[in-house]
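The chain contents come next:
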Amino acid sequence: MIKGLAISTLWVLDQDRAKEFYTEKLGLEVRTDMTLGEGGMRFLTVGAKGQPEVMLALMVPGGAGMDADSAEALRKLVAKGVLGAALHTDDIHGDYEKLKARGVEFLQEPQERPYGTEAIFRDDSGNWFSFTQEREGGLDLDKDWGC
């Protein structure tokens, strides 16, 4: 039976730059950095220090069965800023200031939303992130979204 999410792929344009961005600017830790076989694919994962069971695999499009046309299309989507994800914090205003001081490019400063306070930033490849502090009491789908 599935127990939870372990690794999610995040497509990046350059693994060395991404490693620097995610560790030095965002403060994540490297979990894995290895090459699979001689001349093989680099497997690079990072994760939040307090969440050892979940990792982001910072992968460059291509290899592992991906054809050249698909890899190029994916690179264009990443660079265009079409792909994104969400990261959570418990101090949106303080962390926003820290990350901004480290050079993280924010597209939106913290703003109140039905689900909490959200800022939006981009990584060095173009991926966007909803950086969110959930509101006290969590999200109520019936009340907040009319579900």
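Every value quoted in this text rests on a predicted model; they were computed, and no experiment measured them.

### Some remarks on a nonpolar patch on the surface
Among the surface-exposed residues, M34, L36 and M41 lie close enough to one another that they form a single nonpolar patch of about 240 Å² accessible area. The topology assignment puts L36 in the loop between β2 (29–35) and β3 (42–47).

### As for the sheet that holds strand β7 (residues 116–122)
Spatial ordering of the open sheet is given by β5-β8-β7-β6, a layout of four strands whose pairing is mixed. A strand with exactly one partner marks an edge of an open sheet, and here the two such strands are β5 (84–88) and β6 (105–113). In this sheet, neighbouring strand axes are inclined to one another by 20° on average, regardless of whether the strands run parallel or antiparallel. Bridge count for β6 against β7 is six bridges, and the pairing is antiparallel. The residue of β7 that forms the bridge with R113 is G116. In the packing of helix α3 (residues 92–101) onto the sheet, the strands contacted are β6, β7 and β8 (128–134), and the crossing angle to β6 comes to about 175°.

### Description of the nonpolar core
Formed by 19 residues in total, the largest nonpolar core has its most connected members in Y22, L26, L58, V104, F106 and F121. Apart from residues no more than four positions distant in its own chain, L58 is found in contact with L10, V12, Q15, A18, K19, Y22, L44 and V46.

### Topic: the packing of aromatic side chains
To describe a pair of aromatic rings, you give the distance between the ring centres and the angle between the ring planes. Per the counting criterion, the structure on display carries six aromatic pairs. Seen from their ring centres, Y22 and F129 are 6.2 Å apart, and the 70° between their planes marks the pair as edge-to-face. A residue pair is termed long-range when its members are at least 10 positions apart, and Y22 in helix α1 (residues 15–25) and F129 in strand β8 qualify at 107 residues. The residues Y22 and F129 share a single accessibility class, namely buried. Measuring from ring centre to ring centre gives 5.1 Å for F121 and F129, while their planes differ by 15°; the resulting arrangement is stacked. Residue F129 is classed as buried on the basis of its relative accessible area of 1%. Taken together through their ring pairs, the aromatic side chains of F21, Y22, Y96, F106, F121, F129 and F131 make up a single cluster.

What counts and how
- Residues numbered from 1 in each chain as written.
- Predicted model: local features only at pLDDT ≥ 70, side-chain atom pairs only at ≥ 80, totals over all residues.
- Heavy atoms only, no water.
- Patch = residues over 30% accessible without salt bridge, like charges linked within 9 Å, V, L, I, M, F, W, Y side chains within 5 Å.
- Areas by Shrake-Rupley, 256 points an atom, 1.4 Å probe, with all protein chains shown as cover.
- Salt bridge = Lys/Arg side-chain N within 4 Å of Asp/Glu carboxyl O.
- Helix = DSSP H or I, 4+ residues; strand = E, 2+ residues; numbered from the N terminus.
- Pairing = 2+ DSSP bridges.
- Axes fitted to C-alpha atoms, helices over the stretch in contact; angles between N-to-C directions.
- Contact = heavy atoms within 4.5 Å.
- Core = buried A, V, L, I, M, F, W, Y, C linked by side-chain atoms within 4.5 Å.
- Buried < 20%, exposed > 50% of the residue type's maximum accessible area, 1.4 Å probe, protein only.
- Phe/Tyr/Trp six-rings, centres within 6.5 Å; stacked < 30°, edge-to-face > 60°.

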